[in-house]
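Residue-level structure breakdown
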Amino acid sequence: MSVLMTLGGHDKDLGGGFKVRRLLPDEQRQSVDPFLFFDHFGPVTLAPGGSHDVRPHPHIGLATVTYLFDGAIMHRDSLGFERRIAPGAINWMTAGCGIVHSERRPQDLKATAYVNHGIQLWAALPREFEEVAPDFEHAPAESIPSVVRGGTQVRVLIGEAFGKKSPVRTFAPTVYLDVQLAAGVAFELPPLAQELAVYAVNGDIEIDGENLPAHRLAVLAPGAAVTLLAGQATRLMVVGGDALDGHRFMWWNFVSSRRERIVQASRDWEAQTMGQVPGDTELIPLPERRFIAE
């Protein structure tokens, strides 16, 4: 079988009516390594004066990966980085031993209606890098390499594929592709990583003749190429990489191979010792239901 399983995800309200479709983690599968969090948000029209801001909140043990198809998000973090996230760019934030960040509506769009549409991933860090110093990397859209094969365009957002290499630095072999599948033309996807999955963004596709409806994630069998086909031009995302070195515990915004580390991060956030986003006094508090260490 080419497809091990398909994940339908579930809708989650992040507040203020801002809903996302969460594909990972799932009851059937925690991750497609190294990615253990996959949110597809939008397309949603943000009305003038409306707020879907994500207030300052912490992370450890992971890297956030933000990619927009449309819209704009203003990233700010406790390291002092401030970057407008634009369509086609890749934004990789290494949390490591701890970082705090916010994702807000840009100031110049406060009175403007616009569409936000994109995907946010979390990549777990290898054990030896879980506690690295935090960092933020922005790769503008024009720096992302692309290739066209048989009318299908592939943008290599992270990793290497089809003779192209992304400028984004990672801690382990990782693959993230934006594929614009041409209508009616078969496209062969090689086994680019130990674990690999395909997500249909805006239309149904076939994987070796098996239907994958829009908004579903297909986890592929390892080690074999698959043929992708769509009746109309369709966008899909390919994610994957090397298998993680052991289990990851995941609670709220924290990821670690050690339970006690998540407990410590919770205490640090509650004590407000993880840093602050300059000029932003708001924050998201810890959930009332706490992580159980044992």
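Above this text you will find the structure in question.
In this text, all values refer to a predicted model and were calculated from it rather than measured experimentally. (Residues numbered from 1 in each chain as written. Predicted model: local features only at pLDDT ≥ 70, side-chain atom pairs only at ≥ 80, totals over all residues. Heavy atoms only, no water.)

**Topic: the pairing of strand S6 (residues 62–70)**
Sheet faces and side chains relate simply in a regular strand, where the side chains alternate between the two faces. Counting buried residues along S6, eight of its nine residues qualify, which places the element largely inside the surrounding structure. Sheet analysis places S6 next to strand S9 (residues 90–94), joined by four bridges and oriented antiparallel. Each residue of the ladder has a partner; that of Thr-66, found in S9, is Asn-91. (Buried < 20%, exposed > 50% of the residue type's maximum accessible area, 1.4 Å probe, protein only. Helix = DSSP H or I, 4+ residues; strand = E, 2+ residues; numbered from the N terminus. Pairing = 2+ DSSP bridges.)

**Quick look at the environment of Val-219**
Mapped onto the secondary structure, Val-219 falls in strand S22 (residues 217–220). Overall, the relative accessible area of 2% leaves Val-219 in the buried class. Separated by 176 residues in sequence, Val-219 and Pro-43 have C-alpha atoms that sit 24 Å apart. With residues near it in sequence (within four places) discarded, Val-219 still touches Ser-2, Val-3, Leu-4, Met-5, Leu-7, Arg-29, Val-32, Leu-196 and Ala-197. (Contact = heavy atoms within 4.5 Å.)

**Points about the packing of aromatic side chains**
Scanning all chains against the criterion turns up eleven aromatic pairs. Residues Phe-35 and Tyr-176 carry aromatic rings whose centres are separated by 6.1 Å and whose planes lie at 55° to one another, so their mutual orientation is tilted. Separated by 141 residues along the polypeptide, Phe-35 in strand S4 (residues 35–46) and Tyr-176 in strand S17 (residues 174–181) bring together distant segments of the chain. Pair check on accessibility: Phe-35 and Tyr-176 agree, each one buried. Consider the rings of Trp-251 and Phe-254, whose centres lie 6.2 Å apart with planes at 40°: the pair is tilted. (Phe/Tyr/Trp six-rings, centres within 6.5 Å; stacked < 30°, edge-to-face > 60°.)

**What about the nonpolar core?**
Formed by 30 residues in total, the largest nonpolar core has its most connected members in Phe-38, Ile-90, Tyr-176 and Met-237. When residues of this core are assigned to their parent elements, the largest contribution, four residues, is made by S6. Setting aside chain neighbours within four positions, we find Ile-90 in contact with Val-65, Thr-66, Tyr-67, Glu-137, His-138, Ala-139, Ile-144, Leu-157, Val-168 and Tyr-176. Val-3, Val-147, Val-154 and Phe-187 belong to the second-largest nonpolar core, a separate cluster that totals 26 residues. (Core = buried A, V, L, I, M, F, W, Y, C linked by side-chain atoms within 4.5 Å.)

**Some thoughts on the side chain of Asp-178**
The topology assignment puts Asp-178 in strand S17. In terms of polar contacts, Asp-178 uses its side chain to reach the side chain of Arg-235, at 2.9 Å. Residues within four places of Asp-178 in sequence aside, it is in contact with Tyr-67, Phe-69, Gln-153, Val-154, Arg-155, Leu-157, Arg-235, Leu-236 and Met-237. (Polar contact = N/O pair within 3.5 Å; in protein donor to acceptor, adjacent residues only side chain to side chain.)

**With respect to the pairing of strand S14 (residues 152–158)**
Where burial is concerned, most of S14 is hidden: six out of the seven residues are buried. Pairing geometry for strand S13 (residues 146–149) and S14, over four bridges, is antiparallel. Directly across from Val-148, in S14, lies its bridge partner Gln-153. Between S13 and S14, which pair antiparallel and follow one another directly, the connecting turn spans two residues, one of which, Gly-150, has a positive phi of 60°. Of the pairings in the sheet, the one linking S14 to S17 comprises five bridges and is antiparallel in character. In the strand pairing of S17, Arg-155 is matched with Asp-178.

Nothing here speaks to function; it is all geometry.
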